[in-house]
Amino acid sequence: IPPSSGPIGSWCRACMKPSTVQFEGNIVRLPRAGDYGLQAIFFLAMKATDGEASADEIARELKLPSSFLKKILQRLSATGILRSTKGYDGGFSLSRPAERLSMLEVIEAIDGPIRLNVCLHGPGSCPRQATCAMHPVWREAQGALRNVLSAWTFDRLGQLTHTLEASCPAAEGK
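As a starting point, this report considers the structure included with it. Since the model is a prediction, treat every value here as computed from it, not as a measurement.

Applying the stated criterion across every chain, the model contains 1 aromatic pair. Ring geometry for tyrosine 36 versus phenylalanine 68: centroids 5.7 Å apart, planes at 70°, classification edge-to-face. You can see tyrosine 36 sitting in helix H1 (residues 32–46) and its partner phenylalanine 68 sitting in helix H3 (residues 66–78), a full 32 residues away along the chain. Assessed through its relative accessible area of 2%, tyrosine 36 is described here as buried. A relative accessible area of 31% means that phenylalanine 68 is categorised as partly exposed. Positioned over the ring face of tryptophan 152 is arginine 156, at 3.6 Å from the centre of the ring.

Structural data, given as structure tokens:
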């Protein structure tokens, strides 16, 4: 389920039910392309066999729009995050181990640098930058977000997923 429709959160792979957390009001959100890119990279990182999958397979498994996902995967391939294999048995795979690939790298490869406010786009982007008391707060918040996203690798996400699935009641006996 795309983040903008219905429940927001991740799916439990064992019980295949989305979280039931609902957000009300305005939220700072990741563009849909970045979200889909993260999901696709995580899918490839968790793939048990050869770690390669076609765009159609990824779209089908994650229930994402195939044509949009293909553009995202091509961009990730062009930036060197994914390796692309052409042909009938072709597909996409990670270009480096999941422990060396962060969420921040994927987001910024798709959507460009994270900016929480227009005043953080660079020098001169806001005429009040030098005298605004909020500017350092936005800068600190952006730095904290970047630090968290760069600390979370896809290997670490996989470890967390295994821990969460082990505690999911629907996963017992599987």
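Structure shown, so let's carry the discussion forward.
Our next topic: the packing of H1 against helix H6 (residues 154–166). Running from amino to carboxyl end, H1 crosses H6 at an angle of 75°, the nearest separation of the two axes being 10 Å. Taken together, the axes of H1 and H6 lie roughly perpendicular to each other. For the pair H1 and H6, contact is made by Leu38, Ile41, Phe42, Ala45 and Met46 and by Phe154, Leu157, Gly158, Thr161 and His162, respectively.

A pair of packed helices is characterised by two quantities: the angle between their axes and the separation of those axes. One way to put it is that H3 packs onto helix H4 (residues 103–111) with a least axis distance of 9 Å and a crossing angle of 110°. Relative to H4, the element H3 is oriented roughly perpendicular. Counted together, Ile72, Arg75 and Leu76 of H3 and Val106, Ala109 and Ile110 of H4 form the full contact between these two elements. Of the residues contributing to the contact of H3 with H4, the split by class is 5 nonpolar, no polar and 1 charged.

Rules of the game
Residues numbered from 1 in each chain as written. Predicted model: local features only at pLDDT ≥ 70, side-chain atom pairs only at ≥ 80, totals over all residues. Heavy atoms only, no water. Phe/Tyr/Trp six-rings, centres within 6.5 Å; stacked < 30°, edge-to-face > 60°. Helix = DSSP H or I, 4+ residues; strand = E, 2+ residues; numbered from the N terminus. Buried < 20%, exposed > 50% of the residue type's maximum accessible area, 1.4 Å probe, protein only. Lys NZ or Arg CZ within 6 Å of the ring centre and 35° of its normal. Axes fitted to C-alpha atoms, helices over the stretch in contact; angles between N-to-C directions. Parallel < 35°, antiparallel > 145°, perpendicular 65-115°, else oblique. Contact = heavy atoms within 4.5 Å. Nonpolar A, V, L, I, M, F, W, Y, C, P; charged D, E, K, R; others polar.

All we've got here are geometric facts, nothing functional implied.
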